[in-house]
Amino acid sequence: MGRPGKIEVVSTKPCNTEKALALAYSPGVAVPCKVIAKNPEAVYDYTTKGNLVAVISDGTAVLGLGNIGPLASKPVMEGKGILFKNFAGIDVFDIEVKSSSAAEFIAAVRTLEPTFGGINLEDIKAPECFEIEETLKKEMNIPVFHDDQHGTAIVSGAALINACQIVGKKLSEIKLVVNGAGASAIACTKLIVSLGVKKENVIMCDTTGVIFKGRTNGMNKYKEEFANNTTKRTLSEALEGADVFLGLSAAGAVTGDMVKTMAKDPIIFAMANPDPEITPDAARAARADAIVATGRSDYPNQVNNVLGFPSIFRGALDTRATQINEEMKLAAVHALAKLAREEVPDTVSASYGGQKFKFGRDYLIPKPFDTRVLMWVAPAVAKAAMDTGVARVKIDDWNKYHERLEAIQGPQKVFIRSVINQVHANSERQGALPRVVFPEGSSSKILKSIRALIDEKICSPIVIGNPDTIREKAKKHNVDMDGIEILNIQGHPKFHQYAEELYKRRQRKGVNIKEAERLMNDPSYFASMMIDQGDADGMVNGATTNYADAVKPILHTIGLAKDHVPAGLNILISDNRFLFLSDTTVNFNPTAEQLAQIAIQTAVVAEHFGQKPRIAMLSFSNFSGDNGTPAKMRKAAEIVRQIRPDLIIEGDMQADTAVNSEIQNRIFPFSQLGGEANVLIFPNLESANISYKLLQQLGKVEVIGPFLMGVRRAANVLQRTTTEETIFSSVVLTALEAQIIKDRRQVKH
């Protein structure tokens, strides 16, 4: 599909002008060359070396396809490059080496050290792979890592720790049978022994049978290390009474009858690819108490190397480690094992068709699309590199490092982290966290998001609902309720005060005192009145409520700020720009006067985030001023100029003209925007809502919101399709809004 292959080289700097070309190549490029010649370490400042890994293979052991040669291995190596980039932001060149011996391969790879920050060896047959890695690790001063060995070992090691915890077995006491004696099998066994399994309790088998003391047929020094003093000679005999089976061999090597002879709660890691030694269904049919893992994504407990190598290299590169040592590998093992025991976010479930995951027999290790893997494993590896003295760069500020890792996962993470930092600074200055109330207290998504908000010190949360129901839901989802205030409307001391206040405001709108009391039993109305009366600083609603029904209580109680218009705002973030889009959710067909106020309100939001507003009043025409929409948008722009002459605004104008300064300069040089617009005001709800949702689905952008503008206090409404991650982002922005409003009120007083 499309152009051949999976990868391309993309420029990180512009090369579209004469000056840019001169900087990209001659003569400008000579400057960094001279600097690096004087100080070799400067190569990390001026080039991509510090974020560049070589994925290298000779094609002698490709997947389950065997020795198919370097040329045929290239699709696999390109695929590996995609995984490095997508999961850890690491750039990769794939290199396929045509060599006739281990010595020739070593000589070729050794010469590449100036180019790369690390070497990932891939799909090289045993026993040559052992010699190649051992030699290159000694002779190169950058990390060399054979993923087929250590990646599988690290991920399966984490899974084994958790499997043993679930069935109550100690690593030091288990009896382990390994089938396979190639690179992966030997590396897995070595690592498992370093985790605490006794070598005398390990029986390794190959195609000849049990590897025992005194065996000479098909032996090498790597197998000899695991030769056991045993009378057992076949895999079937070895499995009798065994606690764990670790398979890195061939499909169908294990039968149900063999599994029946294993110890209670057998742990079966059948990791042959593409077909396992025994399928989970067959293993469980033989033993209902079995815990089973495979290398396949269509079964639970997939032992997938992508859980390891991207994050491991990330930690190694970020400390400029000279190697990836055993301590760094073990740090990755324990980080993965610990993460699997945490509550799994809905965003992970969404990546797997809505499946729910919870630590247990069918969930031993995290899922590959769990973005927390990078955040847990890379720091653990980096710290181990520093602790063991192989790091050439120290990480002094772990919070900043955490932010750097977040930035790899997309511009939205960077934006939200910048807002979090603002919230923290404001909280310290104001002397308290903002109190944010959640009317949907029994929503599992809300409760899980609140836990993350507490951990990040974003707010003091108040959830409304029946205490027993909320605690039961929290217990079901393993949410720690410490620090979460539960508010029960029934019997609340301010219930009648709130009802009276609502009655006063709505008595000429058809609301009598009884109706006010009925409405006050609605958590959305109660929460809104809390905000209005100053008993909370902000609220977030809508995770389980229709958008219009969630907005209504806010408008009926808190109301609008003076001269403001209620409007929905979405923030679009790409790698190089912010876009603020209004009105995306509230007004069907706003007037020119309303649009002008919406534009001013949106500009204020942009200013809060350090953006200089350039406002485009969008239409289907460019500066025509005809009747209908163009005339309305032109009039709105004129009103804005009268109210806020300091703001940069243009319109009516088409969307492509608004966001493309080249079109403006070439065709409309009289435009006052002076650059690309970052505030886009739409003429009606249809165009705004359709546009942001299309951009969200088809464009390379991330969308935050919608946010409710124009209200006197910090109150925002979620979409019912919201996730824990979007709830978190919405509350962070609500907390900042509450702090800004608090500062304004203090200035007025």
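See the structure printed just above.
Residues numbered from 1 in each chain as written. Predicted model: local features only at pLDDT ≥ 70, side-chain atom pairs only at ≥ 80, totals over all residues. Heavy atoms only, no water.

Colleague: Can you walk me through the sheet that holds strand β11 (residues 435-438) in this structure?
Modeller: Sheet strands line up and pair through hydrogen bonds in the backbone, either parallel or antiparallel. The five strands are arranged β13-β12-β11-β14-β21 in an open sheet whose pairing can be described as parallel. Since the sheet does not close on itself, it has two edges, and those belong to β13 (485-487) and β21 (714-717), each with one partner. Between one strand axis and the next, the sheet turns by 20 degrees as a mean value, whatever way the strands run. Bridge count between β11 and strand β14 (residues 538-541): two bridges; the pairing is parallel. The residue bridging Val 436 from the neighbouring strand is Gly 538, located in β14. (Pairing = 2+ DSSP bridges. Helix = DSSP H or I, 4+ residues; strand = E, 2+ residues; numbered from the N terminus. Axes fitted to C-alpha atoms, helices over the stretch in contact; angles between N-to-C directions.)

Colleague: Looking at this structure, I do not really get the side chain of Glu 724. What am I missing?
Modeller: Tracing the backbone shows Glu 724 in helix α30 (residues 724-748). Discounting chain neighbours no more than four positions away, the residues touching Glu 724 are Val 344, Pro 345, Asp 346, Lys 445, Lys 448 and Ser 449. (Contact = heavy atoms within 4.5 Å.)

Colleague: I would appreciate a short explanation of the nonpolar core in the present structure.
Modeller: A general trend in soluble globular proteins is that nonpolar side chains are found buried together. Core analysis: the largest hydrophobic core is formed by 102 residues, its most contacted members being Ile 119, Leu 160, Leu 246, Phe 269 and Met 328. Every residue in contact with Met 328, bar those within four places of it in the chain, is listed here: Ala 316, Ala 321, Gln 323, Val 381, Ala 384, Ala 385 and Val 390. Of all hydrophobic cores here, the second largest spans 61 residues; its members include Leu 595, Ile 600, Ala 606 and Met 633. (Core = buried A, V, L, I, M, F, W, Y, C linked by side-chain atoms within 4.5 Å. Buried < 20%, exposed > 50% of the residue type's maximum accessible area, 1.4 Å probe, protein only.)

Colleague: Which parts of the structure should I look at to understand the pattern of salt bridges?
Modeller: If the charged atoms of two oppositely charged side chains come close together, the side chains can form a pair. Tallied over the entire structure, the rule returns 46 salt bridges. A salt bridge links Asp 298 to Arg 296; the nearest nitrogen and oxygen atoms lie 2.6 Å apart. You can call Asp 298 partly exposed: its relative accessible area is 49%. Note that Arg 314 and Asp 318 form a salt bridge whose closest N and O atoms lie 2.9 Å from each other. Within this pair, Arg 314 and its partner Asp 318 are both found in helix α13 (residues 309-318), separated by four residues, close to a single helical turn. According to the relative accessible area criterion, Arg 314 is buried, its value standing at 5%. Bridged by salt links that share partners, the residues Lys 74, Glu 78, Asp 94 and Glu 96 form one connected network. (Salt bridge = Lys/Arg side-chain N within 4 Å of Asp/Glu carboxyl O.)

Colleague: Sorry if this is basic, but what is going on with the packing of aromatic side chains here?
Modeller: The description of two aromatic rings rests on the distance between their centres and on the angle between their planes. Applying the stated criterion across every chain, the model contains 15 aromatic pairs. Seen in terms of ring centroids, Phe 84 and Phe 313 are 5.4 Å apart; in terms of plane orientation they differ by 70 degrees. Their pairing is edge-to-face. Placement of the pair is Phe 84 in helix α4 (residues 69-88) and Phe 313 in helix α13, with a sequence separation of 229 residues. Considered together, Phe 84 and Phe 313 belong to a single accessibility category, that of buried residues. Grouping aromatic residues by their ring pairs yields a cluster made of Phe 84, Phe 145, Phe 309 and Phe 313. (Phe/Tyr/Trp six-rings, centres within 6.5 Å; stacked < 30°, edge-to-face > 60°.)

Colleague: In this structure, what is going on with the side chain of Thr 322? I would like to understand it.
Modeller: Considering the arrangement of structural elements, one finds Thr 322 in the loop between α13 and α14 (326-340). For Thr 322, a relative accessible area of 17% corresponds to the buried category. What Thr 322 contacts, discounting residues up to four positions off in sequence, is Met 140, Asn 141, Ile 142, Pro 143, Val 390 and Arg 392.

Colleague: Could you clarify how one ought to interpret a nonpolar patch on the surface in this entry?
Modeller: On the surface, a nonpolar cluster with roughly 300 Å² of combined accessible area is contributed by Leu 63, Leu 65 and Ile 68. Considering the arrangement of structural elements, one finds Leu 65 in the loop between β1 (52-57) and α4. (Patch = residues over 30% accessible without salt bridge, like charges linked within 9 Å, V, L, I, M, F, W, Y side chains within 5 Å. Areas by Shrake-Rupley, 256 points an atom, 1.4 Å probe, with all protein chains shown as cover.)

Colleague: Please clarify how the pairing of strand β12 (residues 460-464) should be interpreted in this entry.
Modeller: Burial analysis of β12 places four of its five residues in the buried class, which makes it a mostly covered element. Strand direction decides the pairing type here: β11 and β12, joined by four bridges, are parallel. Note that in β12 the partner of Phe 438 across the bridge is Val 463. For the crossover from β11 across helix α19 (residues 444-455) to β12, the handedness is right-handed. Bridge count between β12 and β13: three bridges; the pairing is parallel. Within β13, the residue paired with Val 463 across the bridge is Ile 486. Since β12 and β13 lie parallel, the crossover through helix α20 (residues 467-476) that links them has a hand, and here it is right-handed. (Right-handed = clockwise from strand over helix to strand, strands pointing away.)

Colleague: Explanation requested: the environment of Ala 321 in the structure shown.
Modeller: For Ala 321, the position within the fold is in the loop between α13 and α14. It is 6.6 Å that separates the C-alpha atoms of Ala 321 and Ile 142, two residues lying 179 residues apart in sequence. In contact with Ala 321, other than residues within four places in its own chain, are Asn 141, Ile 142, Pro 143, Ala 316, Met 328, Ala 385, Val 390, Ala 391 and Arg 392.

Colleague: Would you explain the sheet that holds strand β20 (residues 702-709) in this entry?
Modeller: One open sheet holds the six strands; their spatial order is β18-β17-β19-β16-β15-β20, and the pairing between them is mixed. Single-partner strands in this sheet number two, and they are β18 (648-653) and β20. Ignoring strand direction, the axes of neighbouring strands in this sheet form an average angle of 20 degrees. Both strand β15 (residues 567-573) and β20 contribute to a ladder of six bridges, which runs antiparallel. Bridging from a neighbouring strand, Leu 572 pairs with Val 703 of β20. Of the strands in this sheet, β15, β16 (578-582), β17 (614-618), β19 (679-681) and β20 touch helix α25 (residues 592-608), which is tilted by about 160 degrees from β19.

Colleague: Looking at this structure, how should I read unusual backbone geometry?
Modeller: Apart from glycine, the bulk of residues carry a negative phi angle, and the bulk of peptide bonds sit in the trans form. Between Asn 273 and Pro 274 the backbone carries a cis peptide bond, its omega angle lying at 0 degrees. Secondary-structure assignment places Pro 274 in the loop between β9 (267-270) and α12 (280-286). Omega for the peptide link from Gly 651 to Asp 652 comes to 5 degrees, which places this bond in the cis form. Tracing the backbone through its elements, the reader meets Asp 652 in strand β18. You will see that Lys 457, though not glycine, has its phi angle at about 55 degrees, which is positive. Mapping Lys 457 onto the fold places it in the loop between α19 and β12. Since its relative accessible area comes to 55%, Lys 457 is described here as exposed.

Colleague: For this particular structure, what's the right way to read the pairing of strand β2 (residues 91-96)?
Modeller: In regular strands, side chains alternate between the two faces of the sheet. Both β1 and β2 contribute to a ladder of six bridges, which runs parallel. Paired with Leu 52 across the strands is Asp 91, a residue of β2. Following the backbone out of β1, through α4 and into the adjacent parallel β2, one traces a crossover that is right-handed.

Colleague: Sorry if this is basic, but what is going on with the packing of α13 against helix α16 (residues 372-387) here?
Modeller: To characterise two packed helices, one gives the angle between the axes of the helices and the distance between these axes. In contact at an axis separation of 7 Å, α13 and α16 are set at 45 degrees when each is read in the N-to-C sense. Considering the angle they form, α13 stands oblique to α16. The chirality of how α13 crosses α16 is right-handed. Residues Ser 311, Ile 312, Arg 314, Gly 315 and Ala 316 of α13 pack against Val 373, Leu 374, Val 377, Ala 378, Val 381 and Ala 382 of α16. Residues of the contact of α13 with α16, tallied by class, amount to eight nonpolar, two polar and one charged. (Parallel < 35°, antiparallel > 145°, perpendicular 65-115°, else oblique. Left-handed = near helix turned anticlockwise from the far one by under 90°. Nonpolar A, V, L, I, M, F, W, Y, C, P; charged D, E, K, R; others polar.)

The analysis is restricted to geometry; functional conclusions fall outside its scope.
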